[in-house]
Amino acid sequence: SSLVTNDAPATPSAPAPSKKKEEYGIVAVAMGSGVADLFRSIGAKAVIEGGQTMNPSTEDIVKAIKEVNAKNVIILPNNKNIIMAAQQSVDLVDENVIVIPSKTVPQGMASLLAFNPSLSAEDNESAMTDALSTVKTGQITFAVRDTSIDGLEIENGDFMGIAEGKIVNKSKDKLEAAKELLDQMIDEDSEILTIIYGEDVNETEVNELVEYCEEKFEDVEVELHDGKQPLYSFILAVE
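Structure report, in brief. Note that the structure is a prediction, hence the values are computed from the model and not measured. (Residues numbered from 1 in each chain as written. Predicted model: local features only at pLDDT ≥ 70, side-chain atom pairs only at ≥ 80, totals over all residues. Heavy atoms only, no water.)

## Re the overall build of the protein
Working step 1: Along the backbone of the protein there are 7 helices and 12 strands.
Working step 2: In terms of overall size, the protein behaves like a compact globule, its C-alpha atoms giving a radius of gyration of 20 Å where 239 residues would be expected to give roughly 18 Å.
Working step 3: Viewed in the frame of its principal axes, the protein has a C-alpha envelope of about 65 × 35 × 35 Å.
Working step 4: Of all 239 residues assigned to the protein, the portion counted as buried reaches 49%. (Helix = DSSP H or I, 4+ residues; strand = E, 2+ residues; numbered from the N terminus. Rg over C-alpha atoms; globule rule 2.2 N^0.38 Å. Buried < 20%, exposed > 50% of the residue type's maximum accessible area, 1.4 Å probe, protein only.)

Quick look at the structure:
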């Protein structure tokens, strides 16, 4: 008699070998369980959850490529330090792997939303890469040492506002830093602001930031997600 009965729990990570390969599978790298859920909800088949440093190895990426069991696998690294590891995975597998060079979570989300299963792999690569430039990314994080960057004198414990990879403001107060950053990022062309808040942010702070945005930028629609990410109090996407 077979050792495996029908009611035995299936191993979630190993797809049955007889399973037919799908046309497309999307792999996203995410820091924070809420961010991972967000990527799954908009179409990622596998999410590699990075740790504090958020740098999975090429081996981790290859494992995820196998897991999605698809002919064409699209990878969203969502961090500039992971793009290279993702590109190295291309030569290690038989699948057609496309790496979209997303450097931030908002870029990855914009790119994933541009994916269309009825398009060819080449057309998806070009549409998803073009989508990276449709969104501006802001991040609020805290300094762990005294430093001078981009002309700003920053002290340990300061909150820093980063717009498109460049530190543009600082404050002792997390919300002040976020408000100043939004003031710099939002202009008359902005339509949607997505706020992904981190594990160090409480409900009162979220509400205060949303109120600020609704009063100051009344034409901008605000979307809110609990990203539960470490390191970044807020990840902001402006479209």
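## A closer look at helix H2 (residues 58-68)
Working step 1: Every buried residue of H2 is accounted for by Thr58, Ile61, Val62, Ala64, Ile65 and Val68. In an axial view of H2, the angular spread of the buried residues amounts to 160 degrees, which keeps them on one side of the axis. Opposite the buried face of H2, by more than 90 degrees, sit the exposed residues Glu59 and Lys63. (Arc of directions from axis to C-beta.)

## Re the packing of helix H6 (residues 174-185) against helix H7 (residues 203-216)
Working step 1: Packing of H6 against H7 brings their axes to within 11 Å, and their N-to-C directions diverge by 30 degrees. By the angle between their axes, H6 is roughly parallel relative to H7. At the point where H6 passes H7, the crossing takes the right-handed sense. Note on element contacts: H7 touches H6 through Glu205, Glu208, Leu209, Tyr212, Cys213 and Lys216, opposite Lys174, Leu175, Ala178, Lys179, Leu182 and Asp183.
Working step 2: For the contact of H6 with H7, a count of residues per class yields 6 nonpolar, no polar and 6 charged. (Axes fitted to C-alpha atoms, helices over the stretch in contact; angles between N-to-C directions. Parallel < 35°, antiparallel > 145°, perpendicular 65-115°, else oblique. Left-handed = near helix turned anticlockwise from the far one by under 90°. Contact = heavy atoms within 4.5 Å. Nonpolar A, V, L, I, M, F, W, Y, C, P; charged D, E, K, R; others polar.)

## Side note on the sheet that holds strand E1 (residues 22-30)
Within a beta sheet, neighbouring strands are joined by backbone hydrogen bonds and run either parallel or antiparallel to one another.
Working step 1: An order of E2-E1-E3-E4 is seen for the 4 strands of this open sheet, with the pairing classed as parallel. Looking at strand neighbours, the two that pair on one side only are strand E2 (46-49) and strand E4 (96-99), the edges of this open sheet. Averaged over neighbouring strand pairs, the angle between their axes works out to 20 degrees when direction is ignored.
Working step 2: Sheet strands in contact with helix H1 (residues 33-41) are E1 and E2, and its direction is about 165 degrees off that of E2. (Pairing = 2+ DSSP bridges.)

Purely geometric numbers; function is a separate question.
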